[in-house]
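Analysis of the macromolecular model
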Amino acid sequence: MCDFALMFEEIEKSARERFIPVILDDSKEELLALVKKIKPKRILEIGTAIGYSGSLMLTCEKDAILDTVELLEERRDEATQNFKKFGVIDRVNSYLGDVNVLLPDIIKDNKYDLVFIDGPKSKYLNYLNMVISNINKGGYVFCDNVLFRGLVANGKKPPHKFRTIVVGLRNFLKYIVNNNNFNSEIKEKGDGIAIIEILK
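These numbers were taken from a predicted model, which means no experiment stands behind them.

1. Here we look at the overall build of the protein chain
- Helix and strand counts for the protein chain come out as seven helices and seven strands.
- Secondary structure of the protein chain in N-to-C order comes out as α-α-β-α-β-α-β-α-β-α-β-α-β-β.
- A compact globule built from 200 residues should have a C-alpha radius of gyration of about 16 Å, and the protein chain, at 16 Å, falls within 12% of that.
- Each principal axis of the C-alpha atoms in the protein chain carries an extent, and together these give about 45 × 40 × 30 Å.
- Split into buried and exposed, the 200 residues of the protein chain put 51% on the buried side.
- For the protein chain, long-range pairs separated by at least 24 residues make up 66% of all intrachain contacts whose partners lie at least 6 apart in sequence.
- Here the protein chain has roughly 10000 Å² of accessible surface; of this, 50% comes from carbon and sulfur atoms.

And the structure:
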């Protein structure tokens, strides 16, 4: 990653100027620490955006293959260009469309060591349930933005425009913390991170 540090900085700066969400620095450190720890062979990413996180993971783990899904064509196209810049495009399977429609076919013949969930926040529990059977024992799920602007953990009624997101994330966190098949850790870094180890 060090060889590409300036390129990553430029992509991050450009994304923030255009209000395209990319992973925050604290969350990025946690994600890369996890990648280095478990050395995943196959990664599933829900929410490609412009390929920033995907490129980070693939430049960190040289043997990993990434399956990644993005809804918006212009972002998927930009991600493809970024994957090419970092020389990882040959290890990327990029899918365009609604993850709810595409995911069953993408994962059906694959097993994952790491799943990175960073799509629509209200759907995190749905996504987890869709992929859980395709995660290897001892694999991990990394979820970003799980505390969503401090609204999830404060116990208060959320603003109307964020209600669906906050309620969805509260249900998600309750589920993973109380599930004996998981070893879950919630961290307050960035916008909130959930790291789930699959014990089953």
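Following the structure, the description resumes.
2. Some details on the packing of helix 5 (residues 99-107) against helix 6 (residues 124-131)
- Direction vectors running N to C along helix 5 and helix 6 enclose 20°, while the axes themselves pass 10 Å from each other. In terms of their interaxial angle, helix 5 and helix 6 are classed as roughly parallel. By crossing handedness, the relation of helix 5 to helix 6 is classed as right-handed. In this structure, helix 5 uses Val 99, Asn 100, Leu 103, Pro 104 and Ile 107 to contact helix 6, whose residues at the interface are Tyr 127, Met 130 and Val 131.
- Among the residues making up the contact of helix 5 with helix 6, the classes are represented as seven nonpolar, one polar and no charged.

Conventions adopted
Residues numbered from 1 in each chain as written. Predicted model: local features only at pLDDT ≥ 70, side-chain atom pairs only at ≥ 80, totals over all residues. Heavy atoms only, no water. Helix = DSSP H or I, 4+ residues; strand = E, 2+ residues; numbered from the N terminus. Rg over C-alpha atoms; globule rule 2.2 N^0.38 Å. Buried < 20%, exposed > 50% of the residue type's maximum accessible area, 1.4 Å probe, protein only. Contact = heavy atoms within 4.5 Å. Areas by Shrake-Rupley, 256 points an atom, 1.4 Å probe, with all protein chains shown as cover. Axes fitted to C-alpha atoms, helices over the stretch in contact; angles between N-to-C directions. Parallel < 35°, antiparallel > 145°, perpendicular 65-115°, else oblique. Left-handed = near helix turned anticlockwise from the far one by under 90°. Nonpolar A, V, L, I, M, F, W, Y, C, P; charged D, E, K, R; others polar.

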